[in-house]
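Residue-level listing of the chains:
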Amino acid sequence: MSDVSLTVNGRRVSGNAEDRTLLVHFLREQLGLTGTHVGCDTSQCGACVVHVDGRAVKSCTMLAVQASGSTIVTIEGLANGADLHPVQAAFKEHHGLQCGFCTPGMIMAATDMISRHPQGLDEATVRAELDGNICRCTGYHNIVKAILAASQAMAKGSKGKAKQAA
């Protein structure tokens, strides 16, 4: 057993985990953060995407002990109280989900994608970057539409903040 200490969704947490415990299982079973889903345990589906130190990571590919000392953001940590994160709001508005199983991983991948492309995204980039995130219900059209809408909204919001600061 190893001690694992993390900052998860802004809160310091710690616990014991077997050295072979995957981060996804630590989040779900030790911390009760079940929004991060286990879809395949082989890094094929993307349902387990979380942010580790600001980067999207498939949490089924990382051991909990490897993440010790890191800052983790899960789907539960995106919203600001009752106010949805812009990507969550766009998924809701543009019907970017059906059964919802892949949605947390898609949203976490999308927020990372948008942060890496602050100037905006195009459809080809979104589709290419979603490679490795599988949705078995949709044809991805509304997921892509939601990510593009969120990207535009977030780019407009950051331009507005820059103008206010000037």
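Note on numbering: residues in each chain are counted from 1, in written sequence order. Local features are withheld for residues below a pLDDT of 70 in this predicted model, meaning they are given only at 70 or higher, and side-chain atom pairs are given and counted only at 80 or more; totals for whole chains, interfaces and linings count all residues. In computing side-chain values, all of the structure's heavy atoms are included and hydrogens and water are not.

Right, let's get into the overall build of the protein chain. The numbering of helices and of strands both runs from the N terminus, where a helix is a DSSP run of H or I of at least 4 residues and a strand a run of E of at least 2. Counting its secondary structure elements, the protein chain contains 6 helices and 5 strands. Tracing the protein chain from N to C terminus, the helices and strands come up as β-β-α-β-β-α-β-α-α-α-α. Each principal axis of the C-alpha distribution contributes one length, and for the protein chain these read about 50 × 40 × 25 Å. The 166 residues of the protein chain split such that 44% are buried. Expressed as a percentage of contacts within the protein chain between residues at least 6 apart in sequence, the contacts between residues at least 24 apart total 55%. Every accessible area reported is derived by Shrake-Rupley at a probe size of 1.4 Å, with residue values counting cover from the shown protein chains alone. Summing over all exposed atoms, the protein chain offers an accessible surface of approximately 8,700 Å²; the carbon and sulfur share of this is 49%. All tallies of charge rest on Lys and Arg as positive and Asp and Glu as negative; His and the ends of each chain are not included. For this purpose, a charge sits on NZ of Lys, CZ of Arg, CG of Asp or CD of Glu. For the protein chain, the centre of its 15 positive side-chain charges and the centre of its 14 negative side-chain charges are spaced 8 Å apart. Buried means the residue's accessible area, taken with a 1.4 Å probe over protein chains only, is under 20% of the maximum for its type, while exposed means over 50%, and partly exposed covers the values in between. Contacts are assigned to residue pairs with any non-hydrogen atoms lying within 4.5 Å of each other.

Below, the discussion takes up the nonpolar core. If you look at the biggest cluster of nonpolar residues, it comprises 23 residues, and the most contacted ones within it are Phe91, Val126, Leu130 and Ile147. Where this core is concerned, the elements lending two or more residues are helix H3 (86-93), helix H4 (103-116) and helix H6 (141-165). Apart from residues lying up to four places away in sequence, leucine 130 is in contact with Met106, Met113, Ile143, Val144 and Ile147. Nonpolar cores are built from buried Ala, Val, Leu, Ile, Met, Phe, Trp, Tyr and Cys residues. Side-chain atoms within 4.5 Å join them into one set. Leu23, Val52, Met62 and Ala64 belong to the second largest nonpolar core, which has 16 residues in total.

A separate point is helix H1 (residues 23-30). Every buried residue of H1 is accounted for by Leu23, Val24, His25, Phe26 and Leu27. In the core, the buried residues of H1 are packed alongside strand E1 (2-8), strand E2 (11-17), strand E3 (49-52), helix H2 (64-67) and strand E5 (71-73). Of the residues one or two after H1, glycine 32 is the one with positive phi, at around 70 degrees.

Attention shifts here to the environment of threonine 103. Summarising the element assignment, threonine 103 is placed in helix H4. Residues threonine 103 and methionine 1 lie 102 residues apart in sequence; the distance between their C-alpha atoms is 32 Å. If near-sequence neighbours (up to four positions away) are discounted, threonine 103 is found in contact with Phe91 and Leu97.

A pairing counts as a salt bridge when a side-chain nitrogen of Lys or Arg comes within 4 Å of a carboxyl oxygen of Asp or Glu. Applying the stated criterion across every chain, the model contains 4 salt bridges. The partner of arginine 20 in a salt bridge is glutamate 18, and the shortest N-O contact between them spans 2.7 Å. Arginine 20 sits in the exposed class, given a relative accessible area of 67%. Between arginine 127 and glutamate 123 there is a salt bridge; the shortest N-O distance is 2.9 Å. Of this pair, arginine 127 and glutamate 123 both sit in helix H5 (residues 123-129), 4 residues apart, which is roughly one turn of the helix.

As a further point, take the pairing of E2. In this sheet, E2 lies alongside E1 in antiparallel orientation, the contact comprising 7 bridges. Counted as the bridge partner of valine 4 is glycine 15 from E2. Between any two strands, at least two bridges found by DSSP are needed for them to pair. Hairpin connection from E1 to E2: 2 residues lie between these consecutive antiparallel strands, with asparagine 9 at a positive phi of about 55 degrees.

For the protein chain, per-residue confidence averages 92 on the pLDDT scale, and 95% of positions sit at 70 or higher. As a per-residue measure, pLDDT reflects the predictor's confidence and takes values from 0 up to 100. Note on residues 162-166: pLDDT is under 50 here. Beyond four places in sequence and across chains, it has 0 contacts.

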